[in-house]
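Fold and contact review
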Amino acid sequence: MTSEYVTFGLAPAMRAGGVLADGAYQTHRDFLDFVVDGRPLLARLADLDAVSPLAADIGPSALAEQVRRLLLETEPAPEGSRFVLYGCPECEGPECGAVTAVIERDGPDVVWRDFVRQTGGTPDIERDGYHDLGPYRFHGEQYRTALKGLLTADGALAPAIPNGPRALLIGPRAAVLAKLAAALRRIGIGAEITLDAAGAHADELRKYGAVVFGRTVGQDERDAVRDAFAAARSDAVCVTALAPIVPLLVAQVVQALDRTPHDRRRLLGLTTVAGGAEAVVEAAATCRVALAAHRLNRLSRPHARELFDAVLDPGTHHIPLDPRALRGRSYLVARTNEAVRVTPVER
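Residues numbered from 1 in each chain as written. Predicted model: local features only at pLDDT ≥ 70, side-chain atom pairs only at ≥ 80, totals over all residues. Heavy atoms only, no water.

As annotated in an unreviewed UniProt entry, the protein is Oxidoreductase from Streptomyces rhizosphaericus.

Okay, here's the thing in structure tokens:
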């Protein structure tokens, strides 16, 4: 077994929710990812759409139990027992597949080994194994300190993972904002609509991670809301609705809620060249990227179309776009498992 040590840590991570081009809903999930030797472990699995068991929305007692399992503090597991490190973001069923590994003590150390993609009972390590992952040997003290930091002295869950994300929608309770609020709630993002947030209590304002201004909200009203959030020392990101297209607005909110440090982002940027002939996608690490176009037709009805879906290597990529999907005023959404980027199509 490996004798080389690697560092262990935890970092906030996000599974990007959204309304996809085909109308399907994708649940938004906030969780803690495992950081091995300074790099999030999930980033080593380029095409995996999954979350760790340390998710914000599973409930305090269940989350504390997951922490204790990783600490090997629950009932002694038989030798070679497997632990789920990542599972399906939409359900808890094993049939969708999970990444599991053997976690065991080796003297004072903790070792993670034999990573596999598992969908049933006993996995076939040769067929389903991640042979480029591990084994990882962690200093026991560092490993336990990182995980115990999520628990209070009496073993309850400490508030290390923020409660569910929330967005405040500013404007009349018209059809678009009402539909946006409903879509956000459906994917797991709290949403409220108000005409005026300038007089709200600071504690309430700090609960929001994003503020969306409806297209009818004037500049003076926007400035007053921004001043109120600044006075409350809130880090909420303010965005202006690009167009009355609900999937596009949901993507704007998800992008605004992203707090991933820049040096841990895989999707860095999205732009288009003049005329919309190409999308320019910047990737910091290998990841699967999907592109979708959104626009309003002459009758102001929204249209969405998937344009691209492939795994990209690190670097800058010029992706040709179908001009038929980008007629009139159009917008492009790039999506990875953990991030969303939105841009108007330049003409």
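Before going further, it helps to examine the sheet that holds strand β7 (residues 98-106). On the basis of which strands lie adjacent, the open sheet formed by four strands has the order β6-β7-β8-β9 and antiparallel pairing. The strands lining the two open edges of the sheet, one partner per strand, are β6 (82-86) and β9 (136-138). Between one strand and the next, the sheet's axes are offset by a mean angle of 35 degrees, whatever the strand orientation. Direction of pairing for β7 relative to strand β8 (residues 109-118): antiparallel, over a ladder of eight bridges. Across the sheet, the residue bridging to V102 is R113, located in β8. (Pairing = 2+ DSSP bridges. Helix = DSSP H or I, 4+ residues; strand = E, 2+ residues; numbered from the N terminus. Axes fitted to C-alpha atoms, helices over the stretch in contact; angles between N-to-C directions.)

This part takes up the nonpolar core. Generally speaking, soluble globular proteins have nonpolar side chains that are buried together. Counting 37 residues, the largest nonpolar core has L41, L85, Y86 and W112 as the members making the most contacts within it. Broken down by secondary-structure element, the contributors of at least two residues to this core are β1 (8-15), β4 (29-36), α1 (60-70), β6, β7, β8, β9 and α3 (140-148). Beyond its immediate chain neighbours, meaning those up to four positions away, L85 contacts F34, L41, V51, S52, P53, L70, V99, T100, A101, I103, W112 and F115. By size, the runner-up hydrophobic cluster in this structure holds 33 residues, among which are A16, L180, V246 and V254. (Core = buried A, V, L, I, M, F, W, Y, C linked by side-chain atoms within 4.5 Å. Buried < 20%, exposed > 50% of the residue type's maximum accessible area, 1.4 Å probe, protein only. Contact = heavy atoms within 4.5 Å.)

Here we take up the side chain of S330. Looking at the element boundaries, S330 is found in strand β19 (residues 330-335). S330 gets classed as buried once you look at its relative accessible area, which sits at 0%. Looking at S330, its side chain comes within polar contact range of the main-chain oxygen of L326, at 3.2 Å. (Polar contact = N/O pair within 3.5 Å; in protein donor to acceptor, adjacent residues only side chain to side chain.)

Here we come to α3. Buried residues of α3: G140, Y143 and L147, and no others. For α3, the angular spread of buried residues about the axis comes to 70 degrees, placing them on one side. Among the exposed residues of α3, those oriented more than 90 degrees off its buried face are E141 and T145. Tucked into the core, α3 has its buried residues touching β1, α1, β7, β8 and β9. (Arc of directions from axis to C-beta.)

Looking now at the pattern of salt bridges. Per the stated rule, a full pass over the model turns up 19 salt bridges. Of the charged contacts, one joins R127 and D128 as a salt bridge, the two residues approaching to 2.9 Å between their closest N and O atoms. For E338, the salt bridge is made with R266, and the minimal N-O distance between the two is 3.0 Å. Of this pair, E338 sits in the loop between β19 and β20 (340-344) while R266 sits in the loop between α7 (246-257) and β14 (267-272); the two residues are 72 residues apart in sequence, bridging distant segments of the chain. By relative accessible area, E338 is classed as buried at 18%. (Salt bridge = Lys/Arg side-chain N within 4 Å of Asp/Glu carboxyl O.)

One pass over the full model with this rule turns up eleven aromatic pairs. Ring geometry for F8 against F138: centres 5.1 Å apart, planes inclined by 70 degrees, an arrangement best described as edge-to-face. One end of the pair, F8, is in strand β1; the other, F138, is in strand β9, and 130 residues separate them in sequence. As far as burial versus exposure is concerned, F8 and F138 are alike and both buried. Ring geometry for W112 and Y143: centres 6.2 Å apart, planes at 85 degrees, overall edge-to-face. Highlighted residues: W112 in strand β8 and Y143 in helix α3, separated in sequence by 31 residues. One exposure class covers both W112 and Y143, and it is buried. A network of ring pairs unites the aromatic residues F8, F34, Y86, W112, F115, Y136, F138 and Y143 as a single cluster. Directly above the ring of Y208 sits R166, whose terminal nitrogen or CZ lies 4.5 Å from the centroid. Positioned over the ring face of Y25 is R186, at 3.9 Å from the centre of the ring. (Phe/Tyr/Trp six-rings, centres within 6.5 Å; stacked < 30°, edge-to-face > 60°. Lys NZ or Arg CZ within 6 Å of the ring centre and 35° of its normal.)

Our next topic: the sheet that holds strand β5 (residues 39-40). One open sheet accounts for three strands, arranged β1-β4-β5; its pairing is antiparallel. Only two strands of the sheet have a single neighbouring strand rather than two, namely β1 and β5. When β4 meets β5, the two strands line up antiparallel, connected through two bridges. The residue bridging V35 from the neighbouring strand is P40, located in β5.

Following the sequence through the fold, P314 ends up in the loop between β17 (302-312) and β18 (315-320). Through-space distance from the C-alpha of P314 to that of L267 is 9.3 Å; in sequence the pair is 47 residues apart.

The next subject is helix α4 (residues 175-186). Over its twelve residues, α4 runs 16 Å from end to end, which matches the ideal 16 Å to within 8%, given 1.5 Å per residue. Among the residues of α4, those classed as buried are L177, L180, A181, A183 and L184. When α4 is viewed along its axis, its buried side chains cluster within an angular range of 165 degrees and face the same direction. Away from its buried face by more than 90 degrees, α4 exposes K179 and R186. Buried positions along α4 lie against β2 (18-19), β3 (25-26), β10 (166-170), β11 (190-194), β12 (210-213) and α7. Of the residues trailing α4, G188 is marked for its positive phi of about 100 degrees. (Expected span 1.5 Å × (residues − 1).)

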